[in-house]
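The lines below spell out each chain.
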Amino acid sequence: MAECKKEHGECGKGCFVDSVIHLDVKDYYGKILNKTSDLKSNACLAPSQPIPAVILKALKNIHPEVTAKYYGCGLVVPECLEGCRLLDLGSGSGRDCYMLSQLVGEKGHVTGIDMTEDQLEVARKYVDHHMQEFGYEKPNVDFVQGYIEALKEAGLEENSFDIIISNCVVNLSPDKRKVLSDAYRVLKDGGELYFSDVYSSSKLSDEIKNHKVLWGECLGGALWWEDLVRLAQEVGFSPPRLVTANVITVDNKELEAILGDYKFVSATYRLFKIPKISYKGSLVIYNGNITGFEERLKFDSQYTFKVDEVVEVDGEMASILSQSRFAEEFTFQPPGVPSGCSVKKPKVGTVNPFELVLQLGSATVSSATGGCCGAESSCCK
């Protein structure tokens, strides 16, 4: 049985067990890694593809120390954020929180939660600096010490967030089911978990799972992608929507020898907390009112909506669009082709990230990025 120590008070009063894995990850990200270049693989490195202008502008406003101490894999930025309450799981030094702070605006709020005290120290150090930089009268960002498997113990209330993001940290948790179930609990109805993470081609061996460096490098704790699809629905989410997937190359001979034939991808999924009601298919028209997406909205690997184009969606997608923050961004029509109008049929979708990689012919690490609603249209009420 693994050694553990008690955190967050005495048992019976919000006790949470800090496992050996938690302690190893804290040490790796708090003591061993001092900068991004200290990483031993490219599993947690940011992509090199062009970044949308709105995101690039927001990133340039972030303090250099916050950026240097950030170890996430890419960017995780869903669309339509203005006015939203957002939670960042495993926020680290706070880079994404400060970037998203600018996208949700003064009327929105961003909370970052992380278990590593050294990372939180960097994040909290620059709250006032960034609020002054953004021109905000009061902070719209706060940071909480806690575990992504224990959001209640960290003081995060049920049904309190519109969106949860996570950037390459779910794989660092020893209890993925608890991460997903706690995320589901704190999301509002219609809320979304939009996250990028590392996935394996099959269940990992105990040797790989118990390797400290591989775990710290986001590989040893990678979830088999089929387990993600199963766990997400078991805790209550709608079926996962795969946004993008890209190959991870380790580029480290010693680690490659241990990994053998296992393959890994970085993939972005979106999971929604919506009512379990059976919806019929629908025709939808994107209104083009989301800033940065005036002409088209790439929702996932299956659906891309062009402004004013009539698109046929299945019952599952109709449910997601009509029950989430996207409801006001679309016009819904009953099935049946309108007179004198052409309808776009969706391509066949997949939830298998390795299959999508083959379809895209991609061999680089990247994550989806998006934008936010303009100031004139608040996505989160």
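It should be emphasised that the depicted structure is a prediction, and the values quoted were computed from it without experimental measurement.

## Let's talk about the state of the cysteines
Then step 1. By the definition in use, this model includes one disulfide.
Then step 2. What pairs with Cys84 in a disulfide is Cys380, and their sulfur atoms sit 1.7 Å apart. Disulfide Cys84 to Cys380: torsion about the S-S bond roughly 65°, handedness right-handed. With Cys84 in the loop between helix H3 (64-68) and strand S3 (85-89) and Cys380 in the segment after helix H13 (353-360), this residue pair connects regions lying 296 residues apart in the sequence.

## Description of the nonpolar core
Then step 1. The biggest cluster of nonpolar side chains holds 53 residues, and the ones touching the most others in it are Tyr98, Met99, Leu100, Phe299, Phe305 and Phe326.
Then step 2. Of the residues forming this core, the biggest block, six residues, is contributed by helix H4 (residues 95-104).
Then step 3. Leaving out residues up to four positions away in the same chain, Phe326 has contacts with Glu79, Cys80, Glu192, Arg270, Phe272, Ile290, Leu297, Phe299 and Leu321.
Then step 4. Listed in part, the 40 residues of the second largest apolar core include Leu87, Val144, Val170 and Ala183.

## Looking at the environment of Ser173
Then step 1. As for its placement among the helices and strands, Ser173 is situated in the loop between strand S6 (161-167) and helix H7 (176-186).
Then step 2. A relative accessible area of 2% places Ser173 in the buried class.
Then step 3. Linking Ser173 and Gly90, residues 83 residues apart in sequence, is a C-alpha distance of 10.0 Å.

## With respect to the pairing of S6
Then step 1. Where burial is concerned, most of S6 is hidden: seven out of the seven residues are buried.
Then step 2. Relative to strand S7 (residues 187-200), S6 runs parallel, the two sharing six bridges. Its bridge partner being in S7, Asn167 is matched across the sheet by Ser196.
Then step 3. Traced from S6 through H7 to S7, the parallel crossover comes out right-handed.

## Overview of the packing of helix H2 (residues 53-60) against H4
Then step 1. Look at H2 against H4: their axes get within 9 Å of each other, and the N-to-C directions meet at 120°. Between H2 and H4, the interaxial angle falls into the category oblique. Both H2 and H4 take part in a crossing whose hand is right-handed. Contacts between H2 and H4 involve Val54, Ile55, Lys57, Ala58 and Leu59 from the first element and Arg95, Met99, Gln102 and Leu103 from the second.
Then step 2. Grouping the amino acids of the contact of H2 with H4 by side-chain chemistry returns six nonpolar, one polar and two charged.

## Let's talk about the side chain of Glu79
Then step 1. With respect to the helices, strands and loops of the structure, Glu79 is situated in the loop between H3 and S3.
Then step 2. Reaching out from Glu79, the side chain makes a polar contact with the side chain of Arg270 at a distance of 2.9 Å.

## Describing the environment of Lys345
Then step 1. Turning to its location among the elements, Lys345 is positioned in the loop between strand S15 (330-333) and H13.
Then step 2. As a C-alpha pair, Lys345 and Val310 span 35 residues in sequence and 9.1 Å in three-dimensional space.
Then step 3. At 2.6 Å, the side chain of Lys345 forms a polar contact with the side chain of Glu312.

## Details of the sheet that holds strand S11 (residues 282-286)
Then step 1. Ordered by their spatial adjacency, three strands build an open sheet running S14-S11-S15, and the pairing between neighbours is antiparallel. At either margin of the open sheet sits one strand with a lone partner, and together these are strand S14 (310-313) and S15. Each strand of the sheet is rotated relative to its neighbour by a mean of 30°, with strand direction disregarded.
Then step 2. With four bridges connecting them, S11 and S14 associate as antiparallel partners. Within the sheet, the bridge partner assigned to Val284 lies in S14 and is Val311.

## Things to note about unusual backbone geometry
Apart from glycine, the bulk of residues carry a negative phi angle, and the bulk of peptide bonds sit in the trans form.
Then step 1. Positive phi outside glycine occurs at Asn159, with the angle close to 55°.
Then step 2. In this fold, Asn159 is placed in the loop between strand S5 (141-145) and S6.
Then step 3. Of the residues examined, Asn159 reaches a relative accessible area of 37% and is grouped as partly exposed.
Then step 4. Backbone geometry places Asp308, a non-glycine residue, at a positive phi of 65°.

## Some words on helix H6 (residues 127-134)
Structurally, the α-helix is built with 3.6 residues per turn, so residues lying three or four positions apart point the same way.
Then step 1. What H6 keeps buried is the set Val127, His130, Met131 and Phe134. All buried residues of H6 project into a common sector of 100° when viewed along the axis, lining one side. Set apart from the buried face of H6 by more than 90 degrees, the exposed residues are Asp128 and Gln132.
Then step 2. Here the buried face of H6 lies against H3, H4, helix H5 (117-125) and S5.
Then step 3. Taken from the residues just after H6, Gly135 is the one with a positive phi, measuring 80°.

## Section: a positive patch on the surface
Then step 1. There is a patch of like positive charges on the surface, built from Arg296, Lys298, Lys306, Lys344 and Lys347.
Then step 2. Following the sequence through the fold, Lys344 ends up in the loop between S15 and H13.
Then step 3. You can call Lys344 partly exposed: its relative accessible area is 32%.

## Digging into the packing of H4 against H6
For any two helices packed against each other, one specifies the inter-axial angle together with the distance between the axes.
Then step 1. Running from amino to carboxyl end, H4 crosses H6 at an angle of 30°, the nearest separation of the two axes being 11 Å. Viewed along their axes, H4 and H6 adopt a mutual orientation that is roughly parallel. In the crossing of H4 with H6, the sense of the turn from one axis to the other is right-handed. Contacts between H4 and H6 involve Tyr98, Ser101 and Gln102 on the former and, on the latter, Val127, His130, Met131 and Phe134.
Then step 2. Residue classes in the contact of H4 with H6 are distributed as four nonpolar, three polar and no charged.

About the cut-offs
- Residues numbered from 1 in each chain as written.
- Predicted model: local features only at pLDDT ≥ 70, side-chain atom pairs only at ≥ 80, totals over all residues.
- Heavy atoms only, no water.
- Disulfide = S-S within 2.5 Å.
- Helix = DSSP H or I, 4+ residues; strand = E, 2+ residues; numbered from the N terminus.
- Core = buried A, V, L, I, M, F, W, Y, C linked by side-chain atoms within 4.5 Å.
- Buried < 20%, exposed > 50% of the residue type's maximum accessible area, 1.4 Å probe, protein only.
- Contact = heavy atoms within 4.5 Å.
- Pairing = 2+ DSSP bridges.
- Right-handed = clockwise from strand over helix to strand, strands pointing away.
- Axes fitted to C-alpha atoms, helices over the stretch in contact; angles between N-to-C directions.
- Parallel < 35°, antiparallel > 145°, perpendicular 65-115°, else oblique.
- Left-handed = near helix turned anticlockwise from the far one by under 90°.
- Nonpolar A, V, L, I, M, F, W, Y, C, P; charged D, E, K, R; others polar.
- Polar contact = N/O pair within 3.5 Å; in protein donor to acceptor, adjacent residues only side chain to side chain.
- Arc of directions from axis to C-beta.
- Patch = residues over 30% accessible without salt bridge, like charges linked within 9 Å, V, L, I, M, F, W, Y side chains within 5 Å.
- Areas by Shrake-Rupley, 256 points an atom, 1.4 Å probe, with all protein chains shown as cover.
- Salt bridge = Lys/Arg side-chain N within 4 Å of Asp/Glu carboxyl O.
- Lys, Arg positive; Asp, Glu negative; His and termini not counted.
- Charge placed at Lys NZ, Arg CZ, Asp CG, Glu CD.

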